[in-house]
Structure formats: structure tokens, C-alpha cells
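The residues making up each chain are set out below.
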Amino acid sequence: MDQKTMPTLMEFAAKSLLSNEPAAIQALEVLPKHLFIPLFKTAFLGRQKEVLKAMVRVWPFHCLHIGTLNIQEPPYEILEAMVDGLQFIPAQNTPSGDPKLRILDLRQSHDYGITCSYRAKQSLCLHSCVYSEHSIIKVEEALNRVRCSEMATPESEPVSAWKPIELVVNLSFNSNLRTKRFLYFLKSKVEQSFGSLHLCCRYLQINQISVHTSSLQILDPACIDHLEVNRVHLKTVVTLLPQLIHLNSLTLTSIPFQSCNGPNFEIFLTWLGKLDILQELSLSFFYLSDQLHKLLRVLQSPVHLNTLNLPFCDLSNKDLTVLSQSSQVNHLKRLDLSNNQIIVGGYEPFLTLLERVSGTLEYLEINNCKITDSSLSAILPALGRCSHLRFLSLAYNSLTMSALQNLLQSLTALMDLKRVVHPVPVHCYEQGSFRGSLDRRKLAAVKAQLNLMLQTAQRNDMYWTTYPE
């Protein structure tokens, strides 16, 4: 049989079985192990909650990940059904015996499949918790030590039959009522497990943190590796979350201006200096004018940032000079300096910065940075030496059509560069600036001319567009 027809036949068989949910649930007790994954995919995408709950209960692998499965709207009801299927003690009088599932991962990701053991053929999850003292790995190690001790002293109490389980999630704390209900549901499940369920939150997003302090108590700060906080006073952030020492990524957005100065900022820097595995730092609408040197100073080795996003930070020419001289730019792959006047006062610091990152940079955004024809001409040679560049965005800069043509000619030699977001040239506006009304016919002519140049350069794989399109 042609192997290409197998997924279609498997999908047809799964849909046929799931058309009768009671029969499908009953069949799970005798279903061959290799059929669980295609059946789970079909049931998940079909929102069949009772089947999913039953599948989790008898899941034959060590771990279960949502992985690449995706539903447009938040599938809270489906996720709750899956969590309801978790068993914290051995199932009694069931043909399947003790539950094998130890890690339920509710994160959507393109980096891994439904289960690790299915691919690696071993009872080991590649995404299990590492840092928390309550992680399944550390708990099971402790239980094994207790069992060994009981064997040596038979009169001791037997080890509890409760099985440790890890629930891996990404959480968003916001004012949405359905989100609040989901958080309350998770909190109740943790309490019902009597300590056997470890809630491992890897990515935490918080809006207006003050209204969620009680919900945060169910989280282990050692687990969180990505933190995003929006519209929160800086003092609240550093007071509430001082134990996040394993952060890989930190994003702070729209932090009130007055909290980015004085003691609050100094406390923030102290906390930031403790993040020795930080790789991604994003500060947006975060006042940093003439203060960037303080931030970079605390990011000492072994920290090696590969992502630095500083849009709307009111960076000065002095800040650009400091950044261009910092050791933290040596490993940068992503850099966003949009909505800062990085060229005002001289292009030399930004030129030096481009030269420093030319060997590693892959994504560069410099939208609305007051770049003109003359400053672009000055930095073009350095930009052309960014050999790994894959994405470039310089929208909302005042450039002429001639400057865009020079830019395109300089970048076509960068074979990794596939997408460029360019500004609408000034001649397309009636008043010669963004405030004037846009002439769509002139813009269409610009696009046609750029596409012709790309064809001439044999770069049909490179896409040039304006933002928004």
C-alpha cells in the first residue's frame, strides 16, 4: 500500500470510530498503542471532550503534548476535559492497570510532537520540568530513596500510592472572564491532588498584575522561563516576582514613566542582574533615555543576549554609543530599535553597531527612526555585510524612491534575506510626508518597479512590502 495514503486512511478510521463516542471510549481499553496518537489528534480537533478525558485516563505513554495541534479560539473546555482525565492514584480494577501518563503538556508549539516516548521509544520526556523542587523528576527520585529505605526497614510505613504528575502550561492573567475561570479550575485541581500535581508554568503573561496576586500563589516561580508583563508599575513587578531566577526571556511593555527612575529602577536592575541565563530582553514603552548603560552593565557574563528589543524607549545618541560598545551585542540575532531617534545626533554609533552585529544578526527592525537618504547611504555598506540577515523592517522612515532603489541593489546579495518591509517613498504622499494623503497609483508604480528590479537581480525569493500592506 502506498505510504502516502496511510494518513488519509488513518484519519478516516479515527473519524469513523469517534462518530460513536460511547463505543470509542469503550474501545480505548483494547486500542493498540500506536493508534492513540492519530485518534487523539482527531478527537482534539473535533472538540470531543469526553473522548479526550477518557484518553488521558488510559494514555499509554509517559507524556502527552498538544504540540502542533491548533484551534483558533482558546480551547479552554477541551483543556479542562484533559486535565479532568488525570489520575493521581492508581486506577483500581481496570485492565490498563496503573496510569502511565506522568506529563500533560497543554502548550501549543511547533517544536515537538504529541509524545516524546513515541518518537524516542523510551520513558523520558524531553520537556519535563528541570528547576522546580516539585518537578516529577525530583519527586520520583525522592520516592525511590524512600522505597529503598523501606526495604531496609520493613516496619516503616509504606510509600503513598499517589502518583506524581506534571501539568505544563502557558498562562495569561488578564481581565477576561473565561481566562479567570480557567485559572480557578487549575487552582482547584492542584488543591484536589494533595500535592501530587505539579503545575509547571513556563510562559506567564500578566496584564494589571495587582488583581491576580491570589492566583499567582499556585505557581512555582522556579518553573517560569518566559515572563511578559504589560501596564504594570515597575515596583509591583520586582516586589511580586523576585524569585524568577531561571528566566530565559523577559518582556516588559508600557511600564509607567515615573516608575522607570530612581529607587524602583535601581531595584529592577539588581533583580535583572541575577538572571544569569537570560537570552531575550524586550522593553517597550520603557523610559531608558541616557540610562541604557546602567542596564547593560548588570548583564554580565554568562549572560549572552540573542534578542534585544527596545522600541519606544526614547533612546538617545549616547545610548546608541553605549550599545555599540557593549559586549552584549556580540551574539545578537534579533534587534528592534524602532521608534527611537537613533540617527539624530549622528549615524556613527548605529553604523558601529551594525558592524559589530554583522556576523550574527538575522532580524532587524528600525521603523520610524528618522532615517533619511543621507543616513541610509552611510549605513548601507555595513548593512550589506550582515550576511545572515533574514528579515529587515524600516517602515515609516522618510526615504525617496532613489534611496529605496539603492537599498534594494545593496541587499540582493544577501541570500538569506527573504523579506523586507520598506517605507512608502515620500513622493507617494501629496504633502511629501506621512501626514499627507497617500496616492495609491504612485505606490502601485513603486511596487512594480521594485518587483522588476528583483526579477532582474534573480531574487524572486525576496519579498518587499510596505507596512501595513
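Read on for a plain summary of the structure. (Residues numbered from 1 in each chain as written. Predicted model: local features only at pLDDT ≥ 70, side-chain atom pairs only at ≥ 80, totals over all residues. Heavy atoms only, no water.)

What follows concerns the packing of aromatic side chains. Scanning the entire structure with this criterion turns up 13 aromatic pairs. Where Phe-265 meets Phe-286, the ring centres are 6.4 Å apart and the plane angle is 50°; that geometry is what we call tilted. Placement of the pair is Phe-265 in helix H11 (residues 262-272) and Phe-286 in the loop between strand S7 (280-284) and helix H12 (292-298), with a sequence separation of 21 residues. We classify Phe-286 as buried; its relative accessible area is 0%. Ring geometry for Phe-268 against Phe-286: centres 5.6 Å apart, planes inclined by 45°, an arrangement best described as tilted. With Phe-268 in helix H11 and Phe-286 in the loop between S7 and H12, this residue pair connects regions lying 18 residues apart in the sequence. Taken individually, Phe-268 and Phe-286 each receive the classification buried, so the pair is uniform in this respect. (Phe/Tyr/Trp six-rings, centres within 6.5 Å; stacked < 30°, edge-to-face > 60°. Helix = DSSP H or I, 4+ residues; strand = E, 2+ residues; numbered from the N terminus. Buried < 20%, exposed > 50% of the residue type's maximum accessible area, 1.4 Å probe, protein only.)

In the structure shown here, the tally under the stated rule is 10 salt bridges. A salt bridge links Arg-178 to Glu-80, with the nearest nitrogen and oxygen atoms 3.1 Å apart. Residue Arg-178 is located in helix H8 (residues 177-192), and its partner Glu-80 is located in helix H5 (residues 76-84); the two are separated by 98 residues in the primary sequence. You'll find Arg-178 and Glu-80 in the same group, each marked buried. Its salt-bridge partner being Arg-459, residue Asp-461 comes within 2.8 Å of it at the nearest N-O pair. Here the salt bridges do not stand alone but share partners, grouping Lys-418, Arg-459 and Asp-461 into one network. (Salt bridge = Lys/Arg side-chain N within 4 Å of Asp/Glu carboxyl O.)

This part is about the pairing of strand S5 (residues 226-230). Of all 5 residues in S5, 4 are buried; the element is thus mostly enclosed. As paired elements, S5 and strand S6 (residues 249-253) share 5 bridges and run parallel to each other. Paired with Val-229 across the bridge in S6 is Leu-252. A crossover connection joins S5 to the parallel S6 through helix H10 (residues 234-240); in handedness this β-α-β unit is right-handed. (Pairing = 2+ DSSP bridges. Right-handed = clockwise from strand over helix to strand, strands pointing away.)

This part takes up helix H14 (residues 348-357). Considered for burial, the residues of H14 that qualify are Pro-349, Phe-350, Leu-351, Leu-353, Leu-354 and Val-357. Structurally, H14 contributes buried residues whose contacts are with helix H13 (317-325), strand S9 (334-336), strand S10 (363-365) and helix H15 (373-384). (Contact = heavy atoms within 4.5 Å.)

Let's shift gears to the environment of Leu-204. You can see Leu-204 is positioned in strand S4 (residues 197-207). With near-sequence residues (within four places) excluded, Leu-204 lies in contact with Leu-171, Phe-173, Leu-216, Leu-219, Ile-224, His-226, Leu-227 and Glu-228.

Next up on the list: empty space enclosed by the protein. Summed over the entire model, instances satisfying the criterion amount to 1 cavity of 30 Å³ or more. Estimates place the volume of the largest cavity at around 40 Å³. Lining of the largest cavity is provided by Val-56, Arg-57, Gly-85, Leu-86, Gln-87, Pro-99, Leu-101 and Ile-165. Grouping the constituent residues of the lining of the largest cavity by class yields 5 nonpolar, 2 polar and 1 charged. (1 Å grid on protein atoms, 1.4 Å probe; cavity = no way out; pocket = protein on both sides within 12 Å on 5 of 7 lines; lining within 4 Å. Points joined across faces, edges and corners; volume = space filled by probe spheres on them. Nonpolar A, V, L, I, M, F, W, Y, C, P; charged D, E, K, R; others polar.)

This next bit is on a nonpolar patch on the surface. Nonpolar side chains collect at one region of the surface, where Val-130, Tyr-131 and Ile-277 lie side by side and expose about 260 Å² of accessible area between them. Relative to the elements of secondary structure, Val-130 occurs in the loop between helix H6 (116-120) and helix H7 (136-152). (Patch = residues over 30% accessible without salt bridge, like charges linked within 9 Å, V, L, I, M, F, W, Y side chains within 5 Å. Areas by Shrake-Rupley, 256 points an atom, 1.4 Å probe, with all protein chains shown as cover.)

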